[in-house]
Amino acid sequence: RSFVPMLIGFGCSVPAIMATRTLSSERDRKMTILITPFMSCSAKLPIYGLLTSAFFPKQWRGVVMISLYFAGILCGILYALILKKTKYKGEPVPFVMELPNYRLPGLKNVMQLLWEKAKDFLQKAFTVIFVATICIWFLQKFDLHFNLVADSKDSILAMISNCLVPIFAPLGLGDWRICTSLISGVMAKESVISTLEILFGGAVKDALTPVAAASLLVFSLLYTPCIAAIASIRRELGRKWAVGMVIWQCMIAWVAAFAVRWLMVLFMR
């Protein structure tokens, strides 16, 4: 039962998290929700595609992309083992599934179910997405004196990003524009690339090294899921769990990106 939501997570984390409602055990349900964001959703594919094509030789691009997917799965497995040994000790519920009598669903019932689920998502998750989008837009367009800025480097968002530069400097990502792109990635993962292209003026390849690109790839793979997924986690488990998930995944992403950078620097000497 846990495998199916995680498999859905390779498409999008939001329906994957909602799919955990089928789990009868609260323990297994919480563990599955916490592990699912480690699966590479389709929104991360543009990040992988652009950075691998720009910074890695052609014969290694496929290997790098596949390795990222397996790295996410491996991190999910390790995280599950840690949770099983610490917070969620005990045995999982035995897998017993009673198969009902299958009948062809009626069009009216299907459409009604689709509308109810879509309406539920729009009311709960989309409101959070909309508010967060407005906040990011405001921070990117205005300075501290609430004046409209001509250049993004003078915005409130750039100032916030500059505060994060010392944290990302050990990863080789000590540039406010990279930090800004990662912040925008909280809204939607694919916006990491569009923000990088805008802020670097289309010269991303000249601004990063292959080592920094590898570090950025790993961090993008593992850090906090998008705002829609966070909203889904908040709805399923509560605000405390959602905030904890964001902090914990960012810490894991930082450690993993630092380890990748250190290994690459070590072997490239």
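Because the structure is a prediction, the values reported are computed rather than measured.

1. Comments concerning the layout of surface pockets
Space inside the second largest pocket adds up to approximately 470 Å³. Secondary-structure elements contributing two or more residues to the lining of the second largest pocket are helix H5 (58-85), helix H11 (210-222) and helix H13 (239-267). For the lining of the second largest pocket, the element with the highest residue contribution is H5, accounting for eight residues. Grouping the constituent residues of the lining of the second largest pocket by class yields 18 nonpolar, one polar and no charged.

2. Some points on helix H8 (residues 176-184)
The element H8 is extensively covered by neighbouring structure, given that eight of its nine residues are classed as buried. Along H8, the residues classified as buried are Trp 176, Ile 178, Cys 179, Thr 180, Ser 181, Leu 182, Ile 183 and Ser 184. Its side-chain oxygen placed 2.8 Å from the backbone nitrogen of Arg 177, Asp 175 serves as the N-cap of H8.

3. Brief notes about the packing of aromatic side chains
Considering all chains together, one arrives at eight aromatic pairs under this definition. Their ring planes at 65° and their centres at 5.4 Å tell us that Phe 38 and Tyr 79 sit as a pair that is edge-to-face. Taken together, the residues Phe 38 in the loop between helix H3 (26-35) and helix H4 (45-55) and Tyr 79 in helix H5 connect sequence positions 41 residues apart. Taking relative accessible area as the criterion, Tyr 79 reaches 8% and is therefore assigned buried. Through successive ring pairs, a cluster of aromatic residues spans Phe 10, Tyr 48 and Tyr 69.

Here is what the cut-offs are and how they apply
- Counting from 1, residues in each chain are numbered in the order their sequence is written.
- Predicted model: local features are reported for residues with pLDDT of at least 70 only, side-chain atom pairs are reported and counted for 80 or more only, and whole-chain, interface and lining totals are derived from all residues.
- Neither water nor hydrogens contribute to the side-chain values; these are computed over all heavy atoms in the structure.
- A cavity, in this analysis, means grid points on a 1 Å lattice covering only the protein atoms where a 1.4 Å probe fits yet has no way out; a pocket is instead an open set bounded by protein on both sides within 12 Å along at least five of seven lines, and a residue lines either one if it has an atom within 4 Å of a point.
- Grid points are joined across faces, edges and corners, and a volume is the space filled by probe spheres set on the points.
- Only DSSP runs of H or I with at least four residues qualify as helices, and only runs of E with at least two residues qualify as strands; both kinds are numbered from the N terminus onward.
- We call Asp, Glu, Lys and Arg charged. Ala, Val, Leu, Ile, Met, Phe, Trp, Tyr, Cys and Pro are nonpolar, and the rest, Gly among them, are polar.
- Each residue gets one of three labels from its accessible area relative to the maximum for its type: buried under 20%, exposed over 50%, partly exposed in between, using a 1.4 Å probe on protein chains only.
- Pairs of N or O atoms are called polar contacts if they sit within 3.5 Å, as long as, within protein, a hydrogen donor faces a hydrogen acceptor (for residues adjacent in sequence, only side-chain-to-side-chain pairs).
- Aromatic rings from Phe, Tyr and Trp, with only the six-membered ring used for Trp, were paired whenever their centres fell within 6.5 Å, and each pair was classed as stacked if the ring planes differed by under 30 degrees, edge-to-face if by over 60, and tilted otherwise.

Nothing here speaks to function; it is geometry throughout.
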